[in-house]
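Each chain, written out:
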Amino acid sequence: MGAPQKPKLPYGLLAEFEQGEALIAAVHKAYAAGYRQMNGYTPFPLDGLFEALGRRPTRLPLLTLAGGIVGGCVAYFMLYYASVISYPINVGGRPLHSWPAFIPITFELTVLGASFAAFFGMLALNGLPHPYHPLFNVPAFKLASRDRFFLCIQARDPLFTRDHTRQFLEALTPKVYEVQP
Amino acid sequence: MSDSRGNPADVAIEPHTSGEAPTLEPGQTYASVTDQISAIVLTRHTPKGWFVGFGISFVLLMAFLYATAYLFAKGVGIWGTTIPIGWAFPIVNFVWWVGIAHAGTLISAILLLLSQDWRTSINRFAEAMTLFAVACAGLFPLLHLGRPWVFHWLMPYPNTMDLWPQFRSPLVWDVFAVLTYFTVSILFWYTGLIPDLATLRDRTPSRFAQIVYGMLAMGWRGSAVHWHRYATAYLLMAGLATPLVVSVHSIVGMDFAAAIVPGWHTTIFPPYFVAGAIFSGFAMVVTLAIPLRAVYGLQSFVTLRHLDNMAKIILATGSIVAYGYTAEVFFSYYSGNPYERYVTINRALGPYAWSYWALIACNIVTPQLLWFRSVRRSVPVLFVISLVINVGMWLERFVIVVVSLHRDFLPSAWGMYYPTIWDFVHFVGSLGLFFTLLFLFIRLLPMISIFELRELVHETEEKA
């Protein structure tokens, strides 16, 4: 509509593979060719693919540890505050700071804090929920949740050019799709 | 997109048999497992049995709601619960349901940490069983409160009464334990569902279902980077859920052990409750798995190997439970305490002796059949044994709660317990709630984890 536009860059090029091993081999080749802004899409977690992409391991375990520590500290402080400061009850001279009785709730809330951190941390780091994604424009991509393996080299990679990247991918598999943004 | 089963590109796998029955029947491919499991939800007609089962469960659920409305109007006097038996059916049902819940977490979390590949086909519905059983369990203490509408007093929150819950009481620990357990179970279950919801989104022909499953899948694309974080989160949550299960039922055990009632005041309760929970929970998984695999034709996923392994776990935990019973009897004698001794004599020879001997028959004698391989592999026999154990574990809680309370220290304080019709309506009604939720789950969500089955196909193929 309106004035002619410059041809827009696609989101990237998507190559389809029938075997997980072929995908991993392709990722190794793409990495060796210098591509970095790429991602693999598989129907199940495929061993070795993440490493082949050359990404750093996730910091989710640290986040989970932090969540657990926060949960435990909040719980213990709440128990201490309620039993010692806010509402001290003297029962036959027993200590107000009866820490063994505080352990179970501290433990439960530690687990709760860590689980929340693991779950919501995983979603946040993954950028989910993410209802629209350019990849969903490729009809064949539906098979990524069934039995096909995909490699997407994104247009924002400095080495990306429509023709060269397509040639590179077509040397690996016959099925290459352009992903509209 | 081709939907044909025998796509030559699909990797056909060899069975990996080492004298054992396989975890997955041979000949399955990524596409075939995906299509078979998602077809149960998406395309195939709902079997008649589903409508019958759902209808019966729903009627029972309505009975439960009716009884609850009546309870709210009249108070706990509609039950047979009265002094000296102040804890009766509601607490028996609570402990029974919580116990059943634990097997789901055990299967999904502990077996994941131990890399047991046979967990894959049963973990999803076992986790669902956990959720629904905890939901049933949580209702009973609430209904038993007497004034359920002020249940929020159990939670610590700034209030105009300027009061806090008594944090030194195991009953308050229990509130935190059960709520944490329910929350973590939901998170774990939902995490496991996300990739399968994406599969359903991509495979459903209906636009409406696509939108609903698509929203629930939150835009899952199966990216390698996402999978990496996902697997890390799943493993971490499994590691967290494992000690959680042990803590939850230990705390339920402490509800009793911290009291001075003879028969409750013992240190063996927490571990023995945990073993009993796993025992009854696995029995319930078997009870559910056998009809499901028959009705939905899932024999190639839930194989004899699964049933065999579950039977072995039932036998092992049943032996721990038997040890617990023996230790109870021994320590009541060895304590030298006349009240403790009387509890044992009263259990075995008192007015409720029938319940004690029925419990021994169900929980100790019956599981001994599972020593035989032929019994473990005979589906109907295993089904009956699992039902018997479910009954036995209910009786165990009846013996612990009612029989201990009805005769404590002073004979002048003794009494008998007579359940009313409403006690039974609430118990049977809770089964209705459980099965209503379960039937809805089976119809609307994949009851077997599809992506983990694909992973299993991949691993089986690598091993072959």
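Criteria and cut-off values
- Residues numbered from 1 in each chain as written.
- Chains lettered and ligands numbered in written order.
- Predicted model: local features only at pLDDT ≥ 70, side-chain atom pairs only at ≥ 80, totals over all residues.
- Heavy atoms only, no water.
- Contact = heavy atoms within 4.5 Å.
- Buried area = accessible area lost by both parts, 1.4 Å probe.
- Salt bridge = Lys/Arg side-chain N within 4 Å of Asp/Glu carboxyl O.
- Polar contact = N/O pair within 3.5 Å; in protein donor to acceptor, adjacent residues only side chain to side chain.
- Helix = DSSP H or I, 4+ residues; strand = E, 2+ residues; numbered from the N terminus.
- Buried < 20%, exposed > 50% of the residue type's maximum accessible area, 1.4 Å probe, protein only.
- Pairing = 2+ DSSP bridges.
- Axes fitted to C-alpha atoms, helices over the stretch in contact; angles between N-to-C directions.
- Phe/Tyr/Trp six-rings, centres within 6.5 Å; stacked < 30°, edge-to-face > 60°.

*Asks:* So, the interface of chain A and chain B: which residues are in play, and what are the values?
*Replies:* Tallying the contact residues gives 61 residues for chain A and 63 residues for chain B. Of the roughly 5500 Å² buried between chain A and chain B, counting both surfaces, carbon and sulfur atoms make up 68%. Of all residues in chain A, F44, E108 and R146 of chain A bury the most surface against chain B, accounting for 13% of the area lost on that side. At the boundary of chain A with chain B, the tally comes to one salt bridge. Here chain A is connected to chain B by 20 residue pairs in polar contact (both at pLDDT 80 or more). Among the elements of the structure, β2 (38-41), α2 (49-52), α3 (60-86) and α4 (99-126) of chain A are those that each provide at least two residues to the side of chain A that touches chain B.

*Asks:* Describe the pattern of salt bridges, with residues and values.
*Replies:* Residues and elements named next belong to chain B. What the rule picks out here adds up to 18 salt bridges over all chains. For R124, the salt bridge goes to D196, with nearest N and O atoms at 3.0 Å. Residue R124 is located in helix α4 (residues 123-143), and its partner D196 is located in helix α5 (residues 170-203); the two are separated by 72 residues in the primary sequence. Both residues of the pair, R124 and D196, belong to the buried class. For D308, the salt bridge is made with R376, and the minimal N-O distance between the two is 2.7 Å.

*Asks:* Could you give an account of the sheet that holds strand β3 (residues 149-154) of chain A, naming the residues involved and the relevant values?
*Replies:* Residue and element names in this part refer to chain A. The antiparallel open sheet is built from four strands, whose spatial order is β2-β3-β1-β4. Where the open sheet ends on each side, the last strands, each with one partner, are β2 and β4 (176-179). Shown here is a sheet whose adjacent strand axes are inclined to one another by a mean of 20°, direction ignored. Pairing of β2 with β3, which is carried by four bridges, proceeds in the antiparallel orientation. Across the sheet, M38 pairs through a bridge with I153, a residue of β3.

*Asks:* Tell me about the packing of aromatic side chains, and please be specific about residues and values.
*Replies:* Taken as a whole, this structure holds 58 aromatic pairs over all chains when the rule is applied. Arranged with centres 5.7 Å apart and planes meeting at 25°, the rings of F116 of chain A and F120 of chain A form a pair that is stacked. Of this pair, F116 of chain A and F120 of chain A both sit in helix α4, four residues apart, which is roughly one turn of the helix. Considering the side-chain rings of Y230 of chain B and F451 of chain B, the 5.7 Å spacing of their centres and the 75° angle between planes classify their relative orientation as edge-to-face. Of the two residues, Y230 of chain B is situated in helix α7 (residues 224-257) and F451 of chain B in helix α15 (residues 450-463); the sequence distance between them amounts to 221 residues. Residue Y230 of chain B is classed as buried on the basis of its relative accessible area of 1%.

*Asks:* Can you break down the environment of K463 of chain B residue by residue, with the values?
*Replies:* All names here are of chain B. Inspection of the secondary structure assignment puts K463 in helix α15. Looking at K463, the relative accessible area reads 56%, which means it is exposed. Along the sequence, K463 and R229 sit 234 residues apart, while their C-alpha atoms lie 26 Å from each other.

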